[in-house]
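The chain contents come next:
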Amino acid sequence: GERAYADLMDRLWWKTTDYLYDREEHLYYRDSRFFDRREPNGKKVFWSRGNAWVLAGLARVLQYLPDDDPARPRYRALFAEMARRVVTLQGPDGYWRASLLDPTSRPAPETSGTGFFIYALAWGVNAGVLDRATFEPAVRKGWAALVHAVQPAGMLGYVQQVGDRPGDVGPDDTEAYGTGAFLLAGSQVYRLAAQSAR
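Values in this document were obtained by computation on a predicted structure and should not be read as measured data.

Turning our eyes to something else, we now look at the overall build of the protein. In terms of helices and strands, the protein carries six helices and two strands. Ordering the α and β elements of the protein from the N terminus gives α-β-β-α-α-α-α-α. A globule of 198 residues ought to have a C-alpha radius of gyration of about 16 Å, and the protein, at 16 Å, matches this closely. The C-alpha extent of the protein, read off along each of the three principal axes, is 50 × 45 × 30 Å. Counting every position in the protein, which comprises 198 residues, the buried fraction comes to 49%. Counting every atom, the protein has about 9800 Å² of accessible surface; 56% of that belongs to carbon and sulfur.

Right, dumping it as structure tokens:
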């Protein structure tokens, strides 16, 4: 309940955004080392999980920031802008690849970024921040992809390992944060389905 924490968060969020957010692509660089790097197809390097953390983080900020907070419209606008961009980068199979602008360089599915994106997009629809008709199909397609990546023994595969950039991933790769993203996504997809059933 101490305003100082919200003020600090707000100051640091926008300081980071001013530095790392690409206003043409509507995506965040992982850090300044990537400003001049390019993928094999010549596009800029934008890491799926890194951007998914940001979009999920925006959803969390909007959940906890008071409705009358003067900073709220700015967060909401950034969330919607990123969501509109991210949804265009989803693969036909429902996954986002590790490299958002060069999916063919690392064609394997990647579930940690996909999980955080699905969580954020589903939350946005549930909260009335994102248009249901536009975003629900992407959420449903992404959720089906995530479920498909769960192996018979219950392990979520295709989770890119700890890193700081797009990387290769395989069906037996898993990490706790991938499972966490899956559970967050599931919690919002469940709410979305419950609302649709009404």
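If you trace the backbone, Asp22 turns up in strand β1 (residues 21–22). A polar side-chain atom of Asp22 sits 2.8 Å from the main-chain amide nitrogen of Glu25. Once residues within four sequence positions are removed from consideration, Asp22 is found in contact with Leu27, Tyr29, Lys44 and Phe46.

This part covers the layout of surface pockets. For the largest pocket, the calculated volume is near 180 Å³. Along its surface, the largest pocket is lined by 13 residues, and Leu20, Tyr28, Tyr29, Gly50 and Val54 are the ones closest to its centre. Among the elements that line the lining of the largest pocket, the one with the most residues is helix α1 (residues 3–20), at five residues. The class makeup of the residues in the lining of the largest pocket is eight nonpolar, four polar and one charged.

A few words on the nonpolar core. Of all hydrophobic cores here, the largest spans 57 residues; its most connected members are Trp13, Leu58, Tyr75 and Phe79. Among the secondary structure elements, those contributing two or more residues to this core are α1, β2 (27–28), α2 (48–64), α3 (72–87), α4 (111–126), α5 (132–148) and α6 (176–197). At nine residues, the largest contribution of residues to this core is made by α4. Excluding its chain neighbours within four sequence positions, the residues that come into contact with Tyr75 are Met9, Asp10, Trp13, Trp14, Leu58, Val61, Leu62 and Leu65.

Evaluated as defined, the whole model comprises 15 salt bridges. In this structure, Glu136 and Arg140 form a salt bridge, with 2.8 Å as the shortest nitrogen-oxygen distance. Within this pair, Glu136 and its partner Arg140 are both found in helix α5, separated by four residues, close to a single helical turn. Look at Glu136 and you get buried, because its relative accessible area is 11%. The network of salt bridges with common partners includes Arg30, Asp31, Arg33, Asp164 and Arg165.

This part takes up α2. Between the first and last C-alpha of α2 there are 24 Å, a value that for 17 residues agrees with the 24 Å anticipated at 1.5 Å per step. For α2, the buried fraction is high: 12 of the 17 residues fall into the buried class. By the burial criterion, the buried members of α2 are Ser48, Arg49, Gly50, Asn51, Ala52, Val54, Leu55, Ala56, Leu58, Ala59, Val61 and Leu62. Elements in contact with the buried residues of α2: α1, β2, α3, α4 and α6.

A separate point is α4. With 16 residues, α4 ought to run about 22 Å at 1.5 Å a step, and its terminal C-alpha atoms sit 22 Å apart, in line with that. Among the 16 residues that make up α4, 16 are buried, leaving the element largely enclosed by the rest of the structure. Among the residues trailing α4, Gly128 stands out with phi positive, at a value near 80°.

Moving on: the packing of aromatic side chains. Taken as a whole, this structure holds 10 aromatic pairs when the rule is applied. Arranged with centres 4.9 Å apart and planes meeting at 50°, the rings of Tyr21 and Tyr28 form a pair that is tilted. Neither Tyr21 nor Tyr28 differs from the other in exposure class; each is buried. Taking the centre distance of 5.0 Å and the plane angle of 70° together, the rings of Tyr29 and Phe35 count as edge-to-face. The rings of Tyr19, Tyr29, Phe35 and Phe46 are connected pair by pair, giving a single aromatic cluster. Residue placement shows Arg37 over the ring face of Phe34; its charged tip is 4.8 Å from the ring centre. One cation-aromatic arrangement involves Arg74 over Trp14; the distance from NZ or CZ to the ring centre is 3.8 Å.

Rules used in this analysis
- Residues numbered from 1 in each chain as written.
- Predicted model: local features only at pLDDT ≥ 70, side-chain atom pairs only at ≥ 80, totals over all residues.
- Heavy atoms only, no water.
- Helix = DSSP H or I, 4+ residues; strand = E, 2+ residues; numbered from the N terminus.
- Rg over C-alpha atoms; globule rule 2.2 N^0.38 Å.
- Buried < 20%, exposed > 50% of the residue type's maximum accessible area, 1.4 Å probe, protein only.
- Areas by Shrake-Rupley, 256 points an atom, 1.4 Å probe, with all protein chains shown as cover.
- Polar contact = N/O pair within 3.5 Å; in protein donor to acceptor, adjacent residues only side chain to side chain.
- Contact = heavy atoms within 4.5 Å.
- 1 Å grid on protein atoms, 1.4 Å probe; cavity = no way out; pocket = protein on both sides within 12 Å on 5 of 7 lines; lining within 4 Å.
- Points joined across faces, edges and corners; volume = space filled by probe spheres on them.
- Nonpolar A, V, L, I, M, F, W, Y, C, P; charged D, E, K, R; others polar.
- Core = buried A, V, L, I, M, F, W, Y, C linked by side-chain atoms within 4.5 Å.
- Salt bridge = Lys/Arg side-chain N within 4 Å of Asp/Glu carboxyl O.
- Expected span 1.5 Å × (residues − 1).
- Phe/Tyr/Trp six-rings, centres within 6.5 Å; stacked < 30°, edge-to-face > 60°.
- Lys NZ or Arg CZ within 6 Å of the ring centre and 35° of its normal.

Don't take any of this as a statement about function, it's just geometry.
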